[in-house]
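Geometric and topological summary
So you can see what is in the structure, the chains are spelled out below.
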Amino acid sequence: MDERTRAYLRGRFRDYYRRSDVSLPPDAEAREWGYIPWTAGPGTTMARHNALLDLGDFADFLTRERPQHVYFSVGRYDDPGADSMAEKGWRGSDLVFDLDADHLPSVALGEDSYATMLRKCKDALGRLLSFLEDDFGFCDLETVFSGGRGYHVHVRDPGVRGLDRAGRREIVDYVRGTGLQFEALVSGEAVAGTAGRKSPARKRTFDTTGGWSARAHRHLLDFVDDLLVMEEGEALERLRSFEGIGEGRSEAILRGARENYAELEAGNVDIHPAVFGLARRLAGEVVEIDGAPIDEPVTTDTNRLIRLPESLHGGSGLAVRRIARDELDGFDPLVDAIPETFRGQEIAIDVTDPGLVELGGDSFIIEAGKQVVLEYLGVFLMARGRAEKERER
Amino acid sequence: MATGLRPLHARYPYFERSREAVREADVSLVAAARDEAVAERALARVETVLTEGTVGEPERGTRTELLSYPIARVLVSLVDQPVLVHRYARAEAEAARERFVADLGRRELKSAPGNRLTLEGLLEEFDLDGAVRGTGRAETSEADTERGDGYEMGVSSYLSLAADRRGEEWRLVNRRLAKGWVALSREDVLALLGEAVRQRVASGLPLSVPAEIEAPLEEAVATIEERLAETNLIRDIDTVVPELFPPCMKYLLDQVQKGEHLEHHSRFAITAFLSNIGMETDDIVELYMVNPGFGEEITRYQTDHIRGVSSPTEYSTPACATMQSYGDCVNMDDRCERISHPMGYYEDALEDADDADLTDWRARESEAEAKTEAEAGE
Ligand code: SF4
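Each chain has its residues counted from 1, following the order in which its sequence is written. To read the labels, note that chains go from A and ligands from 1, taken in the order they are written. Under the rules for a predicted model, residues below a pLDDT of 70 receive no local features and side-chain atom pairs below 80 are neither given nor counted, while totals for whole chains, interfaces and linings still include all residues.

1. A few points about the overall build of chain A
Applicable threshold: Helix and strand assignments come from DSSP, with helices taken as H or I runs of at least 4 residues and strands as E runs of at least 2, each series counted from the N terminus. Counting other C-beta atoms within 10 Å of a residue's C-beta gives its exposure: the residue is buried at 20 or more, exposed at 12 or fewer, and partly exposed in between, where C-beta atoms are placed from the backbone. Two residues qualify as a contact pair if the distance between their C-beta atoms, derived from the backbone, is within 7 Å.
Along the backbone of chain A there are 15 helices and 17 strands. Projected onto its principal axes, the C-alpha coordinates of chain A cover approximately 85 × 55 × 35 Å. In chain A, buried positions account for 42% of the 393 residues. When contacts within chain A are restricted to residue pairs at least 6 apart in sequence, long-range pairs at least 24 apart make up 65% of them.

Quick look at the structure:
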């Protein structure tokens, strides 16, 4: 990035901060603050171990310093400005989650476009929120587009603050489904009396009301529903494609599903040993389908610094956008995170890395070389290092 | 008004009301330390931890038994070894859990109603009364028990009590969790109350002990130190003994030393493990350096990053579950069955190891030096 580009972005970041009212997180004065200034050269260093007090009036600070990136700590401390963690005096930490396209198994790096990656990330966000709201019952959630390649969720329920690393790791494993065991999904109940030889001695059931068990159950039912609308032959073939399920078993499963659908729907998987076997196989897939592949070290680190909502991301020129829960469905990061300040003008840039860019609800095929483009598009390309600022004519 | 010392106090000396009773009985810690019967029982409490892993048989006299607890804590503090604190707290917790099971089943614990132990009372004692609730199906059938049913605990309380426990069944992912409540059986609740006891016993240890309390206990302290030396427990997690590494880490280290290319997660795992057991970047680089084609610069950089020197975070070793999901868990052995984390494996292995010839890797350069360092308990 050359000097003119940097100067331009710094100036426009200042304009953004002048016009925006960036609100502070709760207990802001008990948190550590960090930022990365706009500097030349590769050695970008973070200025950290700042207390809010050191920064002076915050709105002033943002306009004065117009940093490239701004962070605050998930932790709250007695003395947030102290230089070492030991001296800070930890009081507790928010529980944060980071979903990053780079870490999603479903994302094909180098193949998926930025927009596709973000869409896949938003799907994972939906799954993460389902765990946090339905399973954990958390109430104080803040969901944020990171301004880069994913989403952050900040949980601030009082109960999470005191959790240590080990406790946070358990939560990580839960939402990722790491170490999930089939035996833990089904609960067995001894069936009273000895009904006929064929009747199973145990009645193992999924819990259909919530948790991983309900997810595994949903997955099994979806599979069975698909089977039931297929032609007989097709359904049997589909079943036989599983290792260990042959002709006899696939017929037994299909018959069981038809005759005992209500039982199956209620969670009972012991309607036939073959059905039980199928449930076990399918449960192995549920982690991939329903798990939320969050970035573990972010969540387990109680001293993490994380981007400030409504600040600007210096690597994209997009805003770190807070998303209201009821607006999540319709949220499109590539439209809604474009700062208002950068709309409505055109600027001259020199593109060094051409290609397709999806932004502002539109797709642009950007050629190499000097040209005039919409400002937000220009800012995006320059922040990503794909263009330099050109002198305006 | 003094309530007097009751059997229940002696049985559960860490309860708030037991401490209260001691305060009201107006016995000073100095007097207790000088009381021979009390000191003897206190010594037994700690000594049996080392020999049998329990706190020994309770003394009949309520006063002696009750007072032996604070004195036992003083003894543990004077010896001042983390492993002793750990073992002692664990033994008190296990004894507590057994007593909970026995006493809650009993209709009456000796006469007076104030003497009865109830689950409600226990939960209140540990500030868990709002965090545990019956599901309305409590104790109705065996099936409930088998389903792990009957009670629910708020997830934050659950995590603060269960996260350090070993065993897959305690892992949150294998529990039923809905709307913030974790399903538990009655036994689970009692086990977690045991954990609450462990945390309370261990909290504040080691205490700083005034000289006049220390003086009459010198002999007892010497006895414990001797026992401790015999049991070879003092080798803390900071000792680097590659022979005792978990199989996964042995394998990864071997690969590094052979100069094999490791994927990022594998390299991360071994480096995080080595730094978590207390190795400095220099040591790690040196340990890796056995192979000639090895890139020192990059290793130094990565290692500093993982150790938190050049990044805001010190990373922790991935748990077995994570190792498994990345295919880094290889050659599992018997010990692996009992742990859920490579660090737990190593801690365990160090505790069990019959030492003598085990020396810290860093002390192996010169044989002579190695000996003295190992003896000094580094
Ligand atoms: S079970 Fe854990 S400690 Fe054992 S080899 Fe696997 S990952 Fe390592």
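2. Some remarks on the confidence of the model for chain B
All names here are of chain B. Convention followed: Here pLDDT means the predictor's own confidence in every residue, given as a number from 0 to 100.
Per-residue pLDDT for chain B averages 79, and the proportion of residues at 70 or more is 78%. Below pLDDT 50 for its whole length, residues 108-112 participates in eight contacts with residues either more than four positions away or in separate chains. As a predicted assembly, this complex carries a pTM of 0.77 together with an ipTM value of 0.87.

3. Concerning the confidence of the model for chain A
Looking at chain A as a whole, the pLDDT averages 89, with 95% of positions reaching at least 70. Contacts of residues 190-200 of chain A to residues separated by more than four positions or lying in other chains number six contacts, the stretch itself having pLDDT below 50.

4. Considering the site of the ligand
Residue and element names in this part refer to chain B. Keep this limit in mind: We call a residue near a molecule or strand when its C-beta atom, built from the backbone, sits within 6 Å of it. We call Asp, Glu, Lys and Arg charged. Ala, Val, Leu, Ile, Met, Phe, Trp, Tyr, Cys and Pro are nonpolar, and the rest, Gly among them, are polar.
Taken together, Pro246, Pro247, Cys248, Cys320, Met323, Cys329, Met332, Cys336, Pro342 and Tyr345 make up the full set of residues near the ligand. Every element with two or more residues in the shell around the ligand is listed here: helix 13 (247-258), helix 17 (320-325) and helix 19 (342-352). Across the shell around the ligand, the residue classes tally to 10 nonpolar, no polar and no charged.

5. Observations regarding the pairing of strand 8 (residues 150-155) of chain A
All names here are of chain A. To keep it simple, the criterion reads: Two strands qualify as a pair provided DSSP detects at least 2 bridges between them.
The buried fraction of strand 8 is high, at five of six residues. Two elements, strand 6 (residues 95-100) and strand 8, share six bridges in a ladder whose sense is antiparallel. Bridge assignment links valine 96 to a residue of strand 8, and that residue is histidine 154. Here five bridges tie strand 7 (residues 141-145) to strand 8, and the two strands are oriented antiparallel to one another. Looking at strand 8, one finds that valine 144 is bridged to histidine 152. Connecting strand 7 to the antiparallel partner strand 8 that follows it, the hairpin turn spans four residues, and glycine 147 within it adopts a positive phi of roughly 85 degrees.

6. Here we look at the interface of chain A and chain B
Contact residues are listed per partner, giving 37 residues for chain A and 28 residues for chain B. Counting residues per element, the ones that place at least two in the side of chain A that touches chain B are helix 6 (165-176), helix 8 (211-229) and helix 13 (296-300) of chain A. The leading source of residues in the side of chain A that touches chain B is helix 6 of chain A, at eight residues. In terms of residue class, the side of chain A that touches chain B is built from 12 nonpolar, 16 polar and nine charged.

7. Concerning helix 15 (residues 375-383) of chain A
Note: α-helices contain 3.6 residues per turn, so residues at a spacing of three or four share the same orientation. All names here are of chain A. Burial analysis of helix 15 places nine of its nine residues in the buried class, which makes it a mostly covered element. Where helix 15 is buried, its residues touch helix 1 (3-19), strand 13 (346-351), strand 14 (355-359), strand 15 (362-366), strand 16 (369-374) and strand 17 (387-389). Glycine 385 sits one or two residues past helix 15 and shows a positive phi near 80 degrees.

8. Here we look at the packing of helix 1 of chain A against helix 15 of chain A
Residues and elements named next belong to chain A. Stated formally: Convention adopted: a line fitted to C-alpha atoms gives each axis, helices being fitted over their contacting stretch, and angles between N-to-C directions are expressed from 0 to 180 degrees. Under this scheme an angle from 65 to 115 degrees is roughly perpendicular, one under 35 degrees roughly parallel, and one over 145 degrees roughly antiparallel; angles in between are oblique. Note on convention: near helix rotated counterclockwise from far helix by under a right angle means a left-handed crossing. Clockwise means right-handed.
Put simply, helix 1 and helix 15 touch, their axes get as near as 11 Å, and they point 125 degrees apart. When the axes of helix 1 and helix 15 are compared, the pair comes out oblique. Of the two elements, helix 1 crosses helix 15, and the hand of that crossing is left-handed. Contacts from Thr5, Leu9 and Arg12 in helix 1 reach Val379, Met382 and Ala383 in helix 15. In terms of residue class, the contact of helix 1 with helix 15 is built from four nonpolar, one polar and one charged.

9. Here we look at the domain arrangement of chain A
Accessible area lost during the coming together of the parts is what is often quoted as the interface size. What counts here: Either an automatic procedure or a domain database provided the assignment from which the domain bounds are taken.
Each assigned domain of chain A is listed with its residue range as follows: domain 1 (3-175 + 294-342), domain 2 (182-290) and domain 3 (343-393). On a C-alpha basis, the centroid separation for the pair domain 2 of chain A and domain 3 of chain A is 54 Å.

10. Here's the deal with the environment of A:Arg19
Position of A:Arg19 relative to the elements: it lies in helix 1. Each C-alpha atom of the pair A:Arg19 and A:Thr63 lies 9.5 Å from the other, and the pair is 44 residues apart in sequence.

11. Here's the deal with the sheet that holds strand 1 (residues 33-36) of chain A
All names here are of chain A. Strands sit in the order 2-1-3-11 across an open sheet of four strands; the sheet is antiparallel. Since the sheet does not close on itself, it has two edges, and those belong to strand 2 (47-50) and strand 11 (305-307), each with one partner. Averaged over neighbouring strand pairs, the angle between their axes works out to 25 degrees when direction is ignored. In this sheet, strand 2 lies alongside strand 1 in antiparallel orientation, the contact comprising two bridges. Of the residues in strand 2, the one forming a bridge with tyrosine 35 is alanine 47.

12. Concerning the environment of A:Gly75
All names here are of chain A. Relative to the elements of secondary structure, glycine 75 occurs in strand 4 (residues 75-77). Along the chain, glycine 75 and alanine 30 lie 45 residues apart, while their C-alpha atoms are 8.2 Å from each other. Those residues in contact with glycine 75 that lie beyond four places of it in its chain are Glu32, Trp90, Ser93, Thr302 and Asn303.

13. A few points about the sheet that holds strand 4 (residues 181-184) of chain B
Either a parallel or an antiparallel arrangement is found when strands of a sheet pair, and the pairing is made through backbone hydrogen bonds. All names here are of chain B. The strand order 1-2-4-3 describes an open sheet built from four strands, whose pairing is antiparallel. The sheet terminates laterally at strand 1 (132-134) and strand 3 (177-178), the two strands that pair on one side only. One ladder, built from four bridges, connects strand 2 (residues 151-154) with strand 4; its direction is antiparallel. Following the sheet pairing, methionine 153 is matched in strand 4 by valine 182. Contacts from helix 9 (residues 155-162) reach strand 2, strand 3 and strand 4, with the element oriented near 85 degrees to strand 2.

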